[in-house]
There are 2 protein chains.
Amino acid sequence: MQANELKLAAGEGQGSEPLIFKPLGIDTWQEHVIYLHPDCPVCRAEGFTAQARVQVRIGEASLIATLNLVGAPLLDTGEASLSASAAQALEARAGDVVAISHAPALESVRALRAKIYGRRLDGAQIDSIISDISAGRYPDVYISAFLAACADGRMNRRETVDLTRAMVHSGERLSWSHAVVADKHCVGGLPGNRTTPIVVAIAAAGGLVLPKTSSRAITSPAGTADTMETLTRVALSAAELRHVVERVGASLVWGGALNLSPADDILIRVERALDIDSDAQLVASILSKKVAAGSTHILIDVPVGPTAKVREDRDLERLEAAMRHVAGAFGLHILMVRTDGTQPLGRGIGPALEARDILAVLQRTVAAPPDLRERSVMLAGALLEFCGAAPRGAGEKAAGQLLDSGAAWRKFQAICEAQGGLRVPGEAIFRRDIVAPHAGKVIAIDNRHIARTAKLAGAPMRQVAGLEMRVRVNDEVRAGQPLFTVHAQASGELDYSCSYALAHPAVSIEPH
Amino acid sequence: MQANELKLAAGEGQGSEPLIFKPLGIDTWQEHVIYLHPDCPVCRAEGFTAQARVQVRIGEASLIATLNLVGAPLLDTGEASLSASAAQALEARAGDVVAISHAPALESVRALRAKIYGRRLDGAQIDSIISDISAGRYPDVYISAFLAACADGRMNRRETVDLTRAMVHSGERLSWSHAVVADKHCVGGLPGNRTTPIVVAIAAAGGLVLPKTSSRAITSPAGTADTMETLTRVALSAAELRHVVERVGASLVWGGALNLSPADDILIRVERALDIDSDAQLVASILSKKVAAGSTHILIDVPVGPTAKVREDRDLERLEAAMRHVAGAFGLHILMVRTDGTQPLGRGIGPALEARDILAVLQRTVAAPPDLRERSVMLAGALLEFCGAAPRGAGEKAAGQLLDSGAAWRKFQAICEAQGGLRVPGEAIFRRDIVAPHAGKVIAIDNRHIARTAKLAGAPMRQVAGLEMRVRVNDEVRAGQPLFTVHAQASGELDYSCSYALAHPAVSIEPH
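Residues numbered from 1 in each chain as written. Chains lettered and ligands numbered in written order. Predicted model: local features only at pLDDT ≥ 70, side-chain atom pairs only at ≥ 80, totals over all residues. Heavy atoms only, no water.

Where UniProt is consulted, chain A appears under the name Putative thymidine phosphorylase 2, with the organism given as Cupriavidus pinatubonensis. Listed in UniProt under the heading Catalytic activity, the comment for chain A reads: "thymidine + phosphate = 2-deoxy-alpha-D-ribose 1-phosphate + thymine". The record in UniProt for chain A states the following under Sequence similarities: "Belongs to the thymidine/pyrimidine-nucleoside phosphorylase family. Type 2 subfamily." (UniProt positions renumbered as here; feature names shortened; annotations may be inferred.)

Student: I tried to follow the relation of the copies chain B and chain A on my own but got confused; where do I start?
Tutor: Put simply, the second copy of the chain is the first one after a rotation about an axis and a shift along it. After a rotation of 180° and a shift along the axis of 0.1 Å, chain B superposes on chain A with an RMSD of 0.1 Å. Expressed as a symmetry operation, the mapping of one chain copy onto the other fits a two-fold axis. When the interface residues of chain B are mapped onto chain A, 100% of them again lie at the interface, so the same face is used by both copies. (Least-squares fit on C-alpha atoms with pLDDT ≥ 70 in both. Contact = heavy atoms within 4.5 Å.)

Student: Is there a simple way to think about the pairing of strand 7 (residues 97-102) of chain A in this case?
Tutor: Residues and elements named next belong to chain A. Both strand 1 (residues 19-21) and strand 7 contribute to a ladder of two bridges, which runs antiparallel. Across the sheet, the residue bridging to L19 is V98, located in strand 7. Note that strand 4 (residues 53-58) and strand 7 share four bridges and pair antiparallel. Paired with V56 across the bridge in strand 7 is I100. (Pairing = 2+ DSSP bridges. Helix = DSSP H or I, 4+ residues; strand = E, 2+ residues; numbered from the N terminus.)

Student: Whenever I open this one, the domain arrangement of chain A confuses me. Can you help?
Tutor: Interfaces are often sized by the accessible area lost when the parts come together. Residues and elements named next belong to chain A. Looking at chain A, the domain boundaries give domain 1 (2-102), domain 2 (108-169), domain 3 (182-419) and domain 4 (430-510). Computed over C-alpha atoms, the centres of domain 2 and domain 3 are 27 Å apart. With 20 residues of domain 2 at the interface, the matching set in domain 3 holds 25 residues. Among the residues of domain 2 in contact with domain 3, L147, R157 and M167 are the three that bury the most area, contributing 33% of the side total. Our count for the contact surface shared by domain 2 and domain 3 stands at zero salt bridges. Viewed at the interface, domain 3 and domain 2 are joined by zero residue pairs in polar contact (both at pLDDT 80 or more). Going through the elements one at a time, helix 5 (123-134), helix 6 (140-150) and helix 7 (157-169) are the ones with two or more residues in the side of domain 2 that touches domain 3. Among the elements that line the side of domain 2 that touches domain 3, the one with the most residues is helix 7, at eight residues. (Domains from an automatic or database assignment. Buried area = accessible area lost by both parts, 1.4 Å probe. Salt bridge = Lys/Arg side-chain N within 4 Å of Asp/Glu carboxyl O. Polar contact = N/O pair within 3.5 Å; in protein donor to acceptor, adjacent residues only side chain to side chain.)

Student: Looking at this structure, I do not really get the sheet that holds strand 19 (residues 507-510) of chain A. What am I missing?
Tutor: Each strand in a sheet pairs with its neighbour through backbone hydrogen bonds, running either in the same direction (parallel) or in the opposite one (antiparallel). Residues and elements named next belong to chain A. With antiparallel pairing, the three strands of this open sheet are ordered in space as 17-15-19. In this open sheet, the two edge strands, each paired with only one partner strand, are strand 17 (476-477) and strand 19. Here strand 15 (residues 440-445) runs beside strand 17; their pairing, made up of two bridges, is antiparallel. Along strand 17, the bridge assignment pairs K441 with E476.

Student: Can you help me understand the sheet that holds strand 14 (residues 430-435) of chain A in this one?
Tutor: Residues and elements named next belong to chain A. Pairing is antiparallel across the open sheet formed by four strands, whose spatial order is 13-16-18-14. A strand with exactly one partner marks an edge of an open sheet, and here the two such strands are strand 13 (348-349) and strand 14. When strand 16 (residues 466-469) meets strand 18 (residues 482-488), the two strands line up antiparallel, connected through four bridges. Counted as the bridge partner of L467 is V486 from strand 18. Relative to the sheet, helix 18 (residues 447-456) contacts strand 13, strand 16 and strand 18, its axis offset from that of strand 16 by approximately 130°. The sheet contacts of helix 19 (residues 491-503) involve strand 14 and strand 18, and relative to strand 14 the element is tilted by about 10°. (Axes fitted to C-alpha atoms, helices over the stretch in contact; angles between N-to-C directions.)

Right, here's the structure in full:
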């Protein structure tokens, strides 16, 4: 710490000339960039060059940004501009004075390098890395290297506990007065597997307290938060969440707005770019959110299948052992439930399309996908038993009754109303069927190709984009029969997705 | 390949409106960025969002760039701008028509993920990754994850051979008519260890053919190319290099301009950001350059010391075994020489300061650092013997005579003249001594702290920046006596470097 302070002092002590903020309106998404004139006094005095990492301060707020150089006429030597994300984070207004100094040398980078070289990290080292990540001090290449260095079992259980704790410490923590605070989570990897909103509605109708916070998609076409956002407001503050749970006993919100384990959200952004999700990261990501959310009893749905995230039972056993070890370290009760991950669940894949399936199940319409209904009832039943709200062996029946009676649908409406009102999800303008090239029987569906096709169509960024499955494994199909329909909001995305689908057939059909 | 073509066709088939290039002069260093208006027809039709990776084409030239969005007044909906590096690579001029499509989905990313998950890669998979990296199709987060996934022995020898071959195939190859084409390399990690120019001058004076190509610094304050650039022109074309070697028998050029193993240069840029350098990468990096340069006999200097890159003899043995295996696969003869890596060599650390030491040794002035002279003569002698230009056991004596007679200095001058003329390196404006806090004996010097201090002073980007060592291990010092002098071109950099030096003492002094 002392070294960092010294360096900052050195940077500031040089009497950097004041720079004035000039908005240029450059949107770099989540990467913070500062734009300076190459001949500005700060660049000259401090020796900054393009791509340097610098500390930027406006008033009391500061962040680390990447430096890009911009000459006249866009910027004068006394001006500085910021990318949209940086301007927003610093609440910059035209004319504000911008102070710049060298980014502090990050001591945690030694720990990062040690991990890349296969060494074990202690709690303090992991804390230092996670603390720098949460504070936005790591460029993406560091985060990417950290994730790769920790993948494939290169983090042991003790490190995973330390990582989880560091992630909890990186943000806020909720606490509840109830002895049992239930939660339900799915490790993911199965397109369309959107049981959470249904399970929460049933379990809450059955009397459980369930302040559910969800994340957005990591590598999938939709996360529960993305799907719920097409139905209601999900970005609630902690006070609003507390109010909702006090009123209706449960919630279905996005965790990102609550600052629970914020390091996780940053890690997830880079994981999404890499399309990876390792055991240790998965355990720490899930459990840090649960510890921070104040949950006590957590049901974890693990779909197992050759193209799901968890491919074999032995992978499940390894994951369950890691999950139990870390949960135990924090006094959490967990119940892992193995489910069938051989093909997508429900019909819709993508935020709005999945939301329609959920509404159909809760409203008990003929459009309700039977597999989504069955799995939701089974999981809700298991959760009711696990939390003592139903006798052993009687959970599934109780859950079915709560759904069939309309109690779950009423609870779901109450949750959405409490969060800001229930709305109808939109529909895509552009649609195209992908058809069977020949007649035969569907023998397999590749979840990864299905997910990728949905993502290329625009999911989850475009709420209405994704796929609508038209067949399931063991179905008989004719040549030319639709296998799935691609939904998109832009014609380019429709073409892109369909081109991929044609080049990578996701539905295997065995001719007769 | 078919899938990629399909996708590109899909992107182009949508009749993207022509966009006109408007220079904005934004310098993002080596990262390619394209700037578009958020409402431009291409963004709307293709569904592009900020940070998407897109394929950009002007005429026949194309590259992959990251998309940033910029609104009016900087850009209209029919305009596109490019970062300085992208504009240069595409030779863009104001008014050029810019065509944009979705970046092809990269099949090699499957191989990258497999490696992150600890799987072995075959030659085709490694080729696909290196080919995408060379073509600029990987964002930095992918490269970073690849490097981290391959570090710490997670690449075996067969993979290292395949990596080396893929890197050679990524660029040009030189060939020479001589049976013996000598080369000299240092694995690095020892600040100031700039023996290469002296060894090349001696060995060439002794009759060896030595078309030496060097890289710039990876994680050190200077690479041989950085140092030579303060003395002469180093960015020669292949034809110019051939002309120089035909005329004077040797060269001291930067390899980067020759397109030898260009993937290596991209990997090195990200390695530099991460400050890592793994065995497999090190072997593939060194040997791919040598194979591409057409060398047959290579002396590799390996400094070993507790704070050098290679810390212990067993690390050297492991590296040597990997190096021999890969060299054997390409028919290269290598001689690894272990040298003392316990403290910096010579006095100067940083491009211009090291160049001054080199001139002093070659010119045999009183300022010549004895340790740099001795080590250079030893290595040149070993190379002369290894290549059959001196009898066994007589190499060092022959090398000493070539230096003392002025033959090596004349050869060095001839090389520099052939490359474009010998010039005098510059000097820094800002200097400050770091002094002994108390009297005693110097018992150790930390190469890493020394290197970091020199880098914070601006080396290697600022040629004149770096350190001048004023003591060596075992020296007796008084309180207040200078241990080293920091040289910088900007006062901010001088302060920054000195602050670090004070917080991280590099010279350990044992009081009496």
